[in-house]
Amino acid sequence: MHRLQVISGHLSPAYRRDLGRAECGAAARSSSPEDVVVVHGRRTAIGKAKRGAFKDTTPDELLSAVMTAVLTDVGLPADKLGDVCMGNVLQPGAGALLARVAHFLSGFPETVPVYTVNRQCSSGLQALFNIAGAIRSRSIDLGLACGVESMSLRSVGNPGDLSSRLMDNDKARDCIIPMGITSENVAERFGVSREKQDAFALSSQLKAARAQISGLFQQEIVPVNTKIVDDDGKERQVTVVKDDGIRAGTTLAGLAKLRPAFKPDGSTTAGNSSQVSDGAAAVLIGRRAAVEALGLPVLGVLRASAVVGVPPDVMGIGPAYAIPAALEQAGLTVDDIDVFEINEAFASQAVYCVEKLGIPLEKVNPNGGAIALGHPLGCTGARQVVTLLNELRRRGKRAYGVVSMCIGTGMGAAAVFEYPGP
């Protein structure tokens, strides 16, 4: 399999040659009426769980804010949607009830269906894959892919109802290893030093701070009117317009002082891990022919998608195998991609994946990632798509981008998008 031909931190020469030949066809590929295209996307700001801007905001309200904004922005009536899919991890039933409630809070008619999906950290991206699949099968022409998580109101930690036999099966047992320990496993097994992790974390914070100060997130973020309950029980109304996990004053010296969070002698800390967060995002996609018939814009084209499995105890390496699989489908190489949005679950796994694939660091998360912005589990994949396509649009020319993330229990997901140019 091409996706496994990875040696010495780079794609194998044979893999590059094969993809290079395929690239000629991809580069010359013209648009098709059957293309799955992204019309528009928005996200909320991302709040720190338990203590941030959305600590008292229910996920249906977060979801409703982005669902409403996306359709309002492009002037599309909700009854034009063929389906809505929402990614969520922590709510009961993957948030099936909250999705329908958010649907009605957004003013959507009852005739528009909605359902949910839980592929853990890739749930928001999987929602997009699912809607894209329905478009390709001609079941629908337009759909909304969403993701939401309130890690303030629902905590990670309850594995649900599992057989005691899982302890007798190595792989099954590895599925319940705490995520922080999987980060330590990656760091130890593949030699990712604490210094590299902290340097990567610092870069994420500084890039995100620069983007925030420059106003780059303004076109992504939907202002949310909500409430915050103070420590003394007093309620106040606020309008949330900016991510509150970005720490512009981060320094290497400060990161180096942090104690390991998961093992006494480990290298994974609160500073080089993703933040526990609250947030939502929504992406409108459709068949190109239907989109153009409605006079809607085309922000991007979904060119390929892939989900792969990896060992559960080092689940963070998922992007190192999902990205090559998606690139192979698209007929592209790492060198052809302008921006990689790789979820920073932990600096250990992000550094490993970047080095394994030979991705130039300047192409990775140019506006920061989950270490700075936060990682609301079900939201992140959809949020990354919004961030990626807005960044490609700012560059003002035809370009390619990749969204990818690792997935708890041992998987990786990736998607390739093309920005067609102004």
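Here's a quick rundown of the structure. From a predicted model like this one, the values you see are computed outputs, not experimental measurements. Per chain, residue numbering runs from 1 following the sequence as it is written. For a predicted model such as this one, the threshold for reporting local features is a pLDDT of at least 70, and the threshold for listing and counting side-chain atom pairs is 80 or more; totals across whole chains, interfaces and linings nevertheless cover every residue. Just so you know, side-chain values use all the structure's heavy atoms and leave hydrogens and water out.

A separate point is the overall build of the chain. Secondary structure elements follow DSSP: runs of H or I of four or more residues count as helices, runs of E of two or more count as strands, with numbering from the N terminus. Along the chain, the regular secondary structure elements total 13 helices and 14 strands. Computation of the radius of gyration draws on C-alpha atoms, with the globule rule given as 2.2 Å multiplied by the number of residues to the power 0.38. Here the C-alpha radius of gyration of the chain, 20 Å, is about what a compact globule of 422 residues would show, namely 22 Å. Summarising its shape, the C-alpha atoms of the chain cover approximately 65 × 55 × 50 Å along the three principal directions. Buried positions account for 59% of the 422 residues belonging to the chain. Any pair of residues with heavy atoms lying within 4.5 Å of one another is described as a contacting pair. A separation of at least 24 residues holds for 80% of the contacts in the chain among residues at least 6 apart in sequence. To be clear on the numbers: accessible area is Shrake-Rupley with a 1.4 Å probe, and residue cover counts the displayed protein chains and nothing else. Roughly 16500 Å² of accessible area belongs to the chain as shown, and the carbon and sulfur atoms make up 53% of that amount. For every residue, the accessible area (1.4 Å probe, protein chains only) is compared with the maximum for its type, and the residue is labelled buried under 20%, exposed over 50%, or partly exposed between those bounds.

Attention shifts here to unusual backbone geometry. Glycine aside, a negative phi is what most residues show, and trans is what most peptide bonds show. Even without being glycine, R138 reaches a positive phi, approximately 70 degrees. A positive phi angle is found at T409, which is not glycine, with a value near 80 degrees. Along the chain, the position of T409 falls in the loop between β13 (399–407) and β14 (411–419).

Here we take up the packing of helix α7 (residues 194–213) against helix α11 (residues 347–357). Put simply, α7 and α11 touch, their axes get as near as 9 Å, and they point 95 degrees apart. With respect to α11, the element α7 is oriented roughly perpendicular. Where α7 approaches α11, its residues K196, Q197 and F200 are matched on the opposing element by A347, S348, A350, V351 and E355. Think of it as three bins: nonpolar holds Ala, Val, Leu, Ile, Met, Phe, Trp, Tyr, Cys and Pro, charged holds Asp, Glu, Lys and Arg, and polar takes everything else, Gly as well. When its residues are assigned to classes, the contact of α7 with α11 shows four nonpolar, two polar and two charged. For every element, the axis is a line fit to its C-alpha atoms; helices are fit only across the contacting stretch, and the angle between N-to-C directions ranges from 0 to 180 degrees. Roughly parallel here means an angle under 35 degrees, roughly antiparallel means over 145, roughly perpendicular means 65 to 115, and every remaining angle is called oblique.

For the rest of this paragraph, the subject is the environment of F417. Structurally, F417 can be placed in strand β14. Residues F417 and A78, spaced 339 residues apart in sequence, show a C-alpha to C-alpha distance of 25 Å. With residues near it in sequence (within four places) discarded, F417 still touches V38, L128, V301, L302, R303, V385, L388, L389, A399, Y400, G401 and V403.

Another aspect to go through is the nonpolar core. Each nonpolar core is a collection of buried residues, namely Ala, Val, Leu, Ile, Met, Phe, Trp, Tyr and Cys, held together in the definition by side-chain atoms within 4.5 Å. Core analysis: the biggest nonpolar cluster contains 47 residues, and L63, L81 and L144 have the highest contact counts within it. Looking at this core, the element that brings in the most residues is helix α2 (residues 59–74), giving eight residues. Beyond its immediate chain neighbours, meaning those up to four positions away, L81 contacts L71, L76, F108, V112, L142, G143, L144 and L284. Counting residues in each nonpolar core, the second largest holds 40 residues, with V308, I323, I337 and Y352 among its members.

In this section: the pairing of β14. Regular strands show a simple pattern: their side chains alternate between the two faces of the sheet. Taken across its nine residues, β14 has nine buried, putting it largely inside the fold. What you see with β14 is no split at all: M411, A413, A415, F417 and Y419 on one side and G412, A414, V416 and E418 on the other are buried throughout. In this structure, strand β11 (residues 300–309) lies alongside β14, joined through eight bridges in antiparallel fashion. Looking at the pairing, L302 lines up with F417 of β14. Only when DSSP finds a minimum of two bridges between them are two strands counted as paired. Examined bridge by bridge, β13 and β14 share nine bridges and lie antiparallel to one another. Note that in β14 the partner of S404 across the bridge is A414. Between the antiparallel neighbours β13 and β14 lie three residues, among them T409 with a positive phi of about 80 degrees.

If you check which residues of helix α3 (residues 96–105) are buried, you get L98, A99, A102 and H103. Within α3, the buried residues cover an arc of 145 degrees as seen down the axis, which keeps them to one side. The inward-facing, buried residues of α3 contact α2, β5 (83–87), β6 (114–117) and β7 (142–150). Positive backbone phi, at 80 degrees, marks G107, one or two positions downstream of α3. Picture the helix axis, draw a direction to every C-beta atom, and the arc is the one those directions span.

Once that is clear, we can look at the packing of helix α6 (residues 179–190) against α11. Running from amino to carboxyl end, α6 crosses α11 at an angle of 45 degrees, the nearest separation of the two axes being 8 Å. Between α6 and α11, the angle is such that the two are oblique. Handedness of the crossing formed by α6 with α11: left-handed. Contacts from S183, V186, A187 and F190 in α6 reach S348, Q349 and Y352 in α11. Tallied by class, residues from the contact of α6 with α11 come to four nonpolar, three polar and no charged. Helix crossings are classified by the rotation of the near helix relative to the far one: an anticlockwise turn of less than a right angle makes the crossing left-handed, while a clockwise turn makes it right-handed.

What follows concerns the environment of V148. Following the sequence through the fold, V148 ends up in strand β7. Taking C-alpha positions, V148 is 16 Å from T387, a pair spaced 239 residues apart along the chain. In contact with V148, other than residues within four places in its own chain, are P59, L62, L63, M86, G87, N88, L98, G279, A280, G378 and C379.

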